[in-house]
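# Structural characterization, general
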Amino acid sequence: MNLSARVRSRLGPVWGPALLLFVATRFGDAVNAFIGIWLVPRYVPADELGAVLPLAQVAAFVAMPLSVLLTPYAKLLNVHAELGEPGKVKAMFRDASLLAFAVLAAALVLTPLFFPVVFRLFGIQDGNLALAIVVSAVVGALSPVFTESLRALRRFGVSAAAGAVAAPLRLAVMWMALPFRGLTGYFVGQTSGPAFSSGVALADFLRRHRGVRCEPYFREDRRIFFAFAVPLAVSALVGNLRGMAEMMPMALVPKAESAAYYQLTRFTEISSYLGLTLVFVLFPVVSARHERGQDTRRILLQTMWGSLALGLSFTAVLALAAPRLFAAVPFLRPFADFTPFLFPLGALASVRVASACFTTHEMACSRFRFMRYTIPVSIVEAAVLWILFRIRPFEWRLAHVVGAMSAGTFLCFAGNLVEMFLSRRDTASRPLPNP
């Protein structure tokens, strides 16, 4: 066994591909960090900077129906790939693409119904912003239709290369678009990366499946498809409502604090880089082991605790270095008084990624027990925030928003831990019936 094979064997099925993706995409992450930390604040006016993340949450809500349908698609695509059925894989690829374009058309029709309300709330002029947000949202949700084929077929090298190139392309587009219209240029730039990655994935998929004839699959797969789609539709709807409820109070927070939230989270999201890479690799690997009836608990523990430990370690270093860093760098100096928020925001990002590892693992194993507590927690948090947003019993500050986010996130993570360690059910995966 040569050195490369020994290294892959030692790293295992998740950490090996994850390390490849992690190393290959660090350049892309550095570019994205530069965009978020310096480029966007330079061209987006300070009084609109705090609206960037709430508008991104609106975009996620627009793309929600497509995201719901893509998760069972990813599961079934992985199953058929493992079973060596390229005709069904190609047919799923075709149908998911058509579905994505249908969602884009529906989103464009519905745009005038709710975007004017959001723009008035944040005091933003529309221009072409609504169109840019919708296209960005749907292209971002459409991208997994193509990139999931790389993940399910374990083409992690191609995926890493596409991601590394997409980031500087996004930088170039944003640098050209932001000076013309800040927020609109931001969402135009956001569209470029997923569009490029989708093109690379599509070319790779068609090259490998040239001459393969599509085969029918839905009659055999519909039970599994709806077994995924129904609970995920409920979970996605509740989760997006929770995300919207968390962002809407940003319209009431002082402009300086909402802008600080944007700037600080550009730093703290770095703590989630490794964890998000693990989540990307986790689903197809766990799903494949699940189909073979193999235990996946060890993989779950490694990914959860590995991402959490590294995320919290980076957060601690950042929190200690931030006061001097923000005081020394001119464009960060206006946010120096808000650096105490860095540790709670970084811990929040790290815990959310660890929780995502758990829920991704459970979905790959066709288990949805976690929704018994995540859905009630999300509903209660969204309801409380919405009521407080409407009646405004106090002056909203950044601390209130961060506190509400943390309460819901840590309750859900506690539920993950309880389910993982105290459940009496056998954690070894049991295979699904062949679709």
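The residue numbering used here restarts from 1 in each chain and proceeds along that chain's sequence as written. At least 70 in pLDDT is required for a residue's local features to be given in this predicted model, at least 80 for side-chain atom pairs to be given and counted, and no such filter applies to totals for whole chains, interfaces and linings, which use all residues. Side-chain numbers come from the whole structure's heavy atoms, not from hydrogens or water.

## Concerning the packing of aromatic side chains
Aromatic ring pairs are reported here in terms of the distance separating the ring centres and the angle at which the planes meet. Let me state the cut-off plainly: Centres within 6.5 Å make a pair out of two Phe, Tyr or Trp rings, where for Trp the six-membered ring is used; the pair is then stacked when the planes are under 30 degrees apart, edge-to-face when over 60, and tilted otherwise. Strands are runs of DSSP state E lasting at least two residues, helices are runs of H or I lasting at least four, and both sets are numbered from the N terminus onward. Whether a residue is buried, partly exposed or exposed follows from its accessible area with a 1.4 Å probe, protein chains only, as a fraction of its type maximum: under 20%, in between, or over 50%, in that order. In this scheme, the term charge over a ring applies when either NZ of a lysine or CZ of an arginine sits within 6 Å of the ring centre and within 35 degrees of the ring normal.
A full pass over the atoms with the stated rule returns 11 aromatic pairs. Geometrically, the ring pair formed by Phe267 and Phe326 is tilted, given 5.4 Å between the ring centres and 50° between the ring planes. Taken together, the positions of Phe267 in helix α10 (residues 255-268) and Phe326 in helix α12 (residues 297-328) put the pair 59 residues apart, joining distant regions of the chain. You can call Phe267 buried: its relative accessible area is 10%. The structure contains a cluster of three or more aromatic residues connected by ring pairs, namely Tyr217, Phe218, Phe225 and Phe226. The ring of Phe389 carries Arg392 above its face, with NZ or CZ at 5.7 Å from the centroid.

## Considering the packing of helix α9 (residues 218-247) against helix α14 (residues 371-391)
Heads up, the rule is: Angles run from 0 to 180 degrees between N-to-C directions of axes, and those axes are lines fitted to C-alpha atoms, restricted for helices to the stretch in contact. Roughly parallel covers angles under 35 degrees, roughly antiparallel covers those over 145, roughly perpendicular covers 65 to 115, and oblique covers all other angles. Left-handed describes a crossing whose near helix is turned anticlockwise from the far helix through less than a right angle; right-handed describes the clockwise counterpart. Here, residues are in contact when the closest pair of their heavy atoms is within 4.5 Å.
For the pair α9 and α14, the least separation of the axes is 8 Å and the interaxial angle reads 30°. As judged from the angle between their axes, α9 and α14 are roughly parallel. In terms of crossing hand, the pair formed by α9 and α14 is left-handed. Residues Pro231, Leu232, Val234, Ser235, Val238, Leu241, Arg242, Ala245 and Glu246 of α9 touch α14, and the partners they reach there are Met371, Ile375, Ser378, Ile379, Glu381, Ala382 and Leu385.

## Some details on the side chain of His361
Condition: Any pair of nitrogen or oxygen atoms within 3.5 Å is treated as a polar contact; in protein, a donor-acceptor pairing is required on top of that, and neighbouring residues in sequence qualify only through side-chain atoms on both sides.
Its place among the elements puts His361 in helix α13 (residues 342-364). A polar contact of 2.9 Å, which involves the side chain of His361, links it to the side chain of Glu362.

## Section: the confidence of the model for the protein
As a reminder, the rule being used: Residue-level confidence of the predictor is what pLDDT reports, using numbers from 0 through 100.
Overall, the predicted model of the protein reaches an average pLDDT of 80, with 85% of residues at or above 70. The secondary structure element of the protein with the lowest average pLDDT is helix α1 (residues 3-43), at 65, and the one with the highest is α14, at 92. Between residues 426-435, whose pLDDT stays under 50, and residues either more than four places distant or in other chains, the model counts 32 contacts.

## Brief notes about the pattern of salt bridges
We count it as follows: The working definition used for a salt bridge is a side-chain nitrogen of Lys or Arg within 4 Å of a carboxyl oxygen of Asp or Glu.
Within this structure, the stated rule accounts for 11 salt bridges. In this structure, the salt-bridge partner of Asp95 is Arg94, at a minimum N-O distance of 2.8 Å. Overall, the relative accessible area of 40% leaves Arg94 in the partly exposed class. Residues Arg266 and Glu269 are paired through a salt bridge, measuring 3.1 Å at the closest nitrogen-oxygen approach. Taking relative accessible area as the criterion, Arg266 reaches 12% and is therefore assigned buried. Each of Arg242, Glu246, Arg352 and Glu381 takes part in a single network of salt bridges with overlapping partners.

## Side note on the nonpolar core
Under the convention used in this document: Each nonpolar core is a collection of buried residues, namely Ala, Val, Leu, Ile, Met, Phe, Trp, Tyr and Cys, held together in the definition by side-chain atoms within 4.5 Å.
Of all hydrophobic cores here, the largest spans 119 residues; its most connected members are Val40 and Leu55. Per-element tally for this core: the top contributor is helix α5 (residues 86-122), with 12 residues. Setting aside chain neighbours within four positions, we find Leu55 in contact with Val118, Phe119, Ile124, Leu129, Ile133, Leu183 and Phe187.

## Describing the side chain of Ser258
The residue Ser258 is located in helix α10 in this model. Polar contacts involving the side chain of Ser258 include one to the main-chain carbonyl oxygen of Lys255, which spans 3.0 Å. Look past the residues within four positions of Ser258 in its chain and what remains in contact with it is Gly50, Met250 and Val253.

## Brief notes about unusual backbone geometry
Backbone geometry places Arg392, a non-glycine residue, at a positive phi of 50°. Looking at the element boundaries, Arg392 is found in the loop between α14 and α15 (398-422). For Arg392, a relative accessible area of 47% translates into the label partly exposed.

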